[in-house]
Structures are given as C-alpha cells and as structure tokens.
Amino acid sequence: MKPPERLFLTLLLLFAAELRLSGIVHGQPAAEFAPTAAARQMIHENAAVHPDEFLYVSLPLRMLVSGQLNSKFFENPSLLINLNFVTDWLTGADAGRSLDAWAGAGDRQIASFDLYVVGRVYSALGGLIAVAAAYAMTRRLAGRRAAAAAGLLTAVALPLVQHAHYTTTTSLAAGFGALAVWGCVESLYRLRRAALRTNRFTRRIPAWAWAFVIAGVAAGLAAGSRYNAAGIALVNGVIGLLILRGDGGRARIAWVLTGWLAMPAAFVLTTPHVLFDPQEVWADFLYITAQYGGGAAVNTTPYGLVYELRYLVLYGVGIPAAVLAVAGALAALTRRRDPLLRAAALALIITFAAYSLVVLRTQRPAHADQLLVPILPLVAVFAGMGVNQAARRWRSPAARAALIAVVVAVPLLPTLQVVSRFSQRDTRYLMQAWIEENIPHGARVHLNGQYNVPLDPAHYVVSQNFGGEYPPLDDLLAEGVDYVVISDAWAFDWGRTREYITPETLAQLSAYLADWQTRLRPLAHLDRPTWIGQGEPLHTASIWGHPGLTVYCVPGRTC
C-alpha cells in the first residue's frame, strides 16, 4: 500500500470513528435531578437510552455480582453480554454493589451510566471493523477507487452509524460479518496466486488457508452477536465450495473443513450455554424469531421486505448508491476476464438474496432497521464497483470525484442529523429540568406513554402507563393525580405505521388521547424535532430519542 492510499485509509477510519464516537454519551442523566439513582450507582428506568441496552449492560453486571454465569437471556447470542461481563470483572465494576442493594429495582436500573458508555465503545469498534473490511475486500475485487467509495459508504450509512452508538449486538454483528466476507474474498484471491506465504506462525500453512479460517471465526462471532447475522456464513459456504473445485488434494479439503468448523466453534465460544442450557437457548430463539414472523394485528404486514428494502435504498445507502450497486453487481457477473470476481460477486449476491428472503421478509418491520445492518457492507461493496464502472467513462478527475461526493453525500445528510441529535440534550431531560423548577416536590404525577420523563421517586409520586394501555383518566383523578405528562412517542410511532395498523386501533388511540387533552390544561410543551425519514416505521432514532412532551395540570386542583 502506497503512502497516499495509507493516508486515505487512515483518514477514512478517523472519519468513521468521529461519526460513531460523537455523542456516544447521549442519554447521560442529570445527577442533581436523580439523587435516588445516583446514590445507588443506578439510572432511572426512564433514562434516555436505547430500550434494549440494559440487556447487555445490566445482565452481565448482575451475573458478576451474583456469581451466576448464566444470563438466562438468549433472545440474542451472548457475545456482547460475555464481553461486558469480562470487562466488568477486569475493571472491578461490581465494587460496592450487591443484590441486597438492588432490592426493588429492575434490570433497567441497576447499572450506572458509565457502563453503558463502555459497551457503546465496543459497538463503535465493531463499526470500524466493518469500514476497514469493506474497504479491503473492495480493494481486492475492484481497485482503489471502488474501495474508496465502498469504504465511505460503509462509514456514513445511517443504520451502521446509528447502531454503533448503542450497547447492543447489531454493530458488532456488522463488523464481524464484513470481516468474514473479506476473509472469504481474500482466501479466493490468495489461492489463485498459489503462494506459500511466510508468516510468524508457521511456514507450512498457505496464506489462503489462514484467511479462510479467519473468515470462519469471524462468521461465528457475527452469529454469536445476532442470530440473523449467521446468514453471512453463506458466503463462507459458497467460497469454500469454489475452493474445493480446484485440485488441492487432502490438504485443501482439510483447510476448508477447518474454516467451516471454525464457524460453529466460534459461535459456541460466544454462547456456551447452547451446550450447557440448550432448552433455554432454544426457547428464547423460538420466541425472538416468532416476534419477527408474526404478532398482534396492529404490528404485522405481509410487505415487510418492501419496507426493509425501501429503507435500505432511501436511508441506508441512498438512491444513487443503490442504483450503482445494481450496476456494479451486474458488471461483476458479466466480467469474463476475471472469473474470481464473478465467483466472489455470485457468492455475495446469493447471500444477499437468501438473507433478504429469510430475514428481511419480516411481518414486523417496525423498529427492525437493525436487520439491515449485517448486509449493508455488501451493498456498499457493489456500490463501490458501480462507482468504478461509471467513473471509467469519464476522463475528468473532477467529475469522478464529484460522482463519489454525490454518492456519499446522500446517505451522509440524515446520518449527520442523527449524530447531531445524539450530541444534544434529550427532550426528556429538558422537561425534567422544567418540572423540577416549576412543580413542587411531593406532587402526584402520571406519565402517559413510553419514553417519558425520568422523575425521581424521592421528589414525586409517579405512576405510568405504556403503549397499548388505556387507564381511564377518571380513575387516575380519583387516585389524586395532580399532573400528567404525555409523551407523543406512542401516537407518533403508531401513526407512521398506518399503512398496516388497523383503523380501529388508531381511532381508539386518538379518542383516548383527545379526552385527556380536552379535560386537562397544558402547562409546558416541547416539540418533537423533525427527522429526515421520520415517516418510516424503521427509522428507530426518531422513536427512541427526543419525544414530544406536554405537561398538563388538573383544572380545579392544581390550576
């Protein structure tokens, strides 16, 4: 690699890191308004964090404090849980914590906020692996210009950047999945060169074999992050079969089998309870797959694949990159002079098609943008090839640079908006500060809807209902409720899925909220910010962050 390319790759990774680390402390509670949680090294159950983060932060902490090595949670495999468990153990995160001190607290509360930030760093690192792997595999397949475009697209794609800000399994799955694909592509090309590479491990192992075994381990780690990421292993399977077509004797067969066996071995390493507690693992696996395959009538649609692909095209890579990705895939398949490129492209296309038909054909696309994350680097690779094909038609360097700039700018715009919102104080904390300043302590406050204000129980008597629950206002008033805070997250989320939510359900929700808003008097309001793409049910950043909030008082009682 020449110095200019090395410099570009360094800047690319720094750029990707900046996008993923900027705002990584989003959701940090204000300690002065949460003395109860702060004194117990906890956070409030309504803290402005991703709703699933606690599973990968609190559960490993509870495992460490209790001495119980079984998380009893397998709706996703255990790589991140076990990674955070080891980190907590090495850093002494259990100091001063005990099960008795957690009495009465739920798992959404028991971990302090600093542990969330540590877990988010792992997610950011997974995102950087995806960027580096996408660049490397495209460099091998189509050259520097294509690699630059693919690397930039992977760096700026909204779902990849967004989910790298959460302590969840999604970003790690993308990173290891991309690494697995790179290893497969690298093994195929190194095999063609048929050279035994000297390395510091041994002189007897072909370089292609190392790459293929690394690909197997990475595929296993991807599956050990998210079950759906196991679909990436199709690339390992197809490339392995292509390698076996050659005349390599028993040694080649042995190394391909080693690479294949590395996948389940790595998965078992991430989730050992698949052996020690198989019934629990299987039960959770069936539960989570059923959640995407069916559910309540208000949440299901037979057109989940359409929603997923639409979001991929509009906000994952952008329309220009999506068009160029199709062109790049077709060009690779018809490249007669390069059979390895055709073979690699075919393996990636088979994987994308199978993944789409099995995973993306969900009946519950709402909140399911994470399903796109493991295959986004594959789309970026083909888009890079398409950019390369288009650029060859233009002699002007400025025109070629402008093409890449347009392809990257389209997905970068919504990504920059989301990153900017991560860096801003969430509306829940802004409203929390207003309530603390304007509503006397000891008042009875009811929170209507999820993603609401985290009021400290030492300051206010708090009750709450969530989406799908319709407690009568008269009953709450009879119990002495003084103030009500309504979050618009419930109505906003259901309203944007009106294409498949039942009209009766929407009418019931509208009438229910209208009754409250008519009979109560508004005191303060914070608007929900406008998000690019907020009308898409897959746009999870707009449901998990910055809800619109209104504080009401009770006429004749508190106003």
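Because the structure is a prediction, the values reported are computed rather than measured.

### Observations regarding the overall build of the protein
Move 1: Along the protein, the regular secondary structure elements total 23 helices and five strands.
Move 2: For the protein, the C-alpha radius of gyration of 25 Å lies close to 24 Å, the compact-globule estimate for 559 residues.
Move 3: Each of the three principal axes of the protein carries a C-alpha extent, and together these read 85 × 55 × 45 Å.
Move 4: The buried share of the protein, reckoned over its 559 residues, is 56%.
Move 5: Taking all contacts inside the protein whose residues are at least 6 apart in sequence as the whole, residues at least 24 apart take part in 80%.
Move 6: Total accessible area on the protein is roughly 23400 Å²; 61% of this is exposed by carbon and sulfur atoms.

### Some details on the sheet that holds strand β3 (residues 483–487)
Move 1: Spatially, the five strands line up as an open sheet ordered β2-β1-β3-β5-β4, and their pairing is mixed. Strands at the two margins of the open sheet, each flanked by one partner only, are β2 (461–465) and β4 (521–526). Each adjacent strand pair in this sheet contributes to an overall mean axis angle of 20°, direction not counted.
Move 2: Sheet strands touched by helix α19 (residues 427–438): β3, β4 and β5 (549–553). Its angle to β4, the strand with the most contacts, is close to 135°.
Move 3: Across the sheet, helix α22 (residues 503–519) lies against β1 (444–448), β2, β3, β4 and β5, angled at about 145° from β1, the strand it touches most.

### Considering the confidence of the model for the protein
Move 1: Across the protein, the average pLDDT comes to 93, with 97% of residues at or above 70.
Move 2: The weakest mean pLDDT in the protein belongs to helix α2 (residues 35–39) at 90; the strongest belongs to helix α7 (residues 158–163) at 98.

### Here's the deal with the packing of aromatic side chains
Move 1: Tallied over the full model, the rule gives 14 aromatic pairs.
Move 2: Geometrically, the ring pair formed by Y227 and F285 is edge-to-face, given 5.0 Å between the ring centres and 85° between the ring planes. Residue Y227 is located in the loop between α9 (207–223) and α10 (233–245), and its partner F285 is located in helix α13 (residues 278–293); the two are separated by 58 residues in the primary sequence.
Move 3: Seen in terms of ring centroids, Y512 and W516 are 5.5 Å apart; in terms of plane orientation they differ by 55°. Their pairing is tilted. Here Y512 and its partner W516 are both found in helix α22, four residues apart, which amounts to about one turn of the helix.
Move 4: The cationic tip of R421 hangs over the ring face of W531; the distance from NZ or CZ to the ring centre is 4.9 Å.
Move 5: Over the ring of F492 we find R528, and its NZ or CZ is 3.9 Å from the ring centre.

### A short note on the state of the cysteines
Move 1: Applying the stated criterion to the full structure yields one disulfide.
Move 2: Two residues, C553 and C559, share a disulfide whose sulfurs are 1.9 Å apart. Residues C553 and C559 are joined through a disulfide that is right-handed, its torsion about the S-S bond being 90°.
Move 3: Taking relative accessible area as the criterion, C553 reaches 0% and is therefore assigned buried.

### Points about the pattern of salt bridges
Move 1: Here the structure, examined in full by the defined rule, presents 12 salt bridges.
Move 2: E5 is the salt-bridge partner of R139, the closest N and O atoms lying 2.7 Å from each other. Placement of R139 in helix α5 (residues 113–142) and of E5 in helix α1 (residues 3–21) is noted, with a sequence separation of 134 residues between them.
Move 3: The class of E5 is buried, set by a relative accessible area of 10%.
Move 4: In this structure, R120 engages E53 in a salt bridge whose closest nitrogen and oxygen atoms are separated by 2.9 Å. Here E53 lies in the loop between α2 and α3 (54–66) and R120 lies in helix α5, a separation of 67 residues in the sequence.
Move 5: Look at E53 and you get buried, because its relative accessible area is 0%.
Move 6: Ionic contacts of the salt-bridge type, sharing partners, join the residues R140, E186 and R190 into one network.

### A word on the packing of α5 against helix α8 (residues 170–193)
Move 1: Two elements in contact, α5 and α8, have axes separated by 7 Å at closest approach and are oriented at 25°. It follows that α5 is roughly parallel to α8 by the angle criterion. In the packing of α5 onto α8, the handedness of the crossing is left-handed.
Move 2: Residue composition of the contact of α5 with α8, by class: 15 nonpolar, five polar and four charged.

### A word on the nonpolar core
Move 1: Residues L141, V181, I239 and I243 are the most contacted members of the largest nonpolar core, which totals 100 residues.
Move 2: Once residues lying within four places of it in the same chain are set aside, the contact partners of V181 are M137, I232, V235, L348 and L378.
Move 3: Judged by nonpolar contacts, the second largest core, of 37 residues, contains M42, F54, V65 and V117.

### Remarks on the environment of F352
Move 1: Positionally, F352 belongs in helix α16 (residues 339–360).
Move 2: For F352, a relative accessible area of 26% gives the class partly exposed.
Move 3: With 44 residues separating them in the primary sequence, F352 and E308 have C-alpha atoms 13 Å apart.
Move 4: Look past the residues within four positions of F352 in its chain and what remains in contact with it is L309, L312, I375 and V379.

### Let's talk about α16
The α-helix advances 3.6 residues per turn, and as a result positions three or four apart in sequence lie on the same side.
Move 1: Taking 1.5 Å of rise per residue, the 22 residues of α16 would be expected to cover 32 Å, and the 30 Å separating its terminal C-alpha atoms lies within 8% of that figure.
Move 2: What α16 keeps buried is the set L340, L341, A343, A344, A345, A347, L348, T351, Y355, S356, V359 and L360.

Procedures and definitions
- Residues numbered from 1 in each chain as written.
- Predicted model: local features only at pLDDT ≥ 70, side-chain atom pairs only at ≥ 80, totals over all residues.
- Heavy atoms only, no water.
- Helix = DSSP H or I, 4+ residues; strand = E, 2+ residues; numbered from the N terminus.
- Rg over C-alpha atoms; globule rule 2.2 N^0.38 Å.
- Buried < 20%, exposed > 50% of the residue type's maximum accessible area, 1.4 Å probe, protein only.
- Contact = heavy atoms within 4.5 Å.
- Areas by Shrake-Rupley, 256 points an atom, 1.4 Å probe, with all protein chains shown as cover.
- Pairing = 2+ DSSP bridges.
- Axes fitted to C-alpha atoms, helices over the stretch in contact; angles between N-to-C directions.
- pLDDT = per-residue confidence, 0-100.
- Phe/Tyr/Trp six-rings, centres within 6.5 Å; stacked < 30°, edge-to-face > 60°.
- Lys NZ or Arg CZ within 6 Å of the ring centre and 35° of its normal.
- Disulfide = S-S within 2.5 Å.
- Salt bridge = Lys/Arg side-chain N within 4 Å of Asp/Glu carboxyl O.
- Parallel < 35°, antiparallel > 145°, perpendicular 65-115°, else oblique.
- Left-handed = near helix turned anticlockwise from the far one by under 90°.
- Nonpolar A, V, L, I, M, F, W, Y, C, P; charged D, E, K, R; others polar.
- Core = buried A, V, L, I, M, F, W, Y, C linked by side-chain atoms within 4.5 Å.
- Expected span 1.5 Å × (residues − 1).

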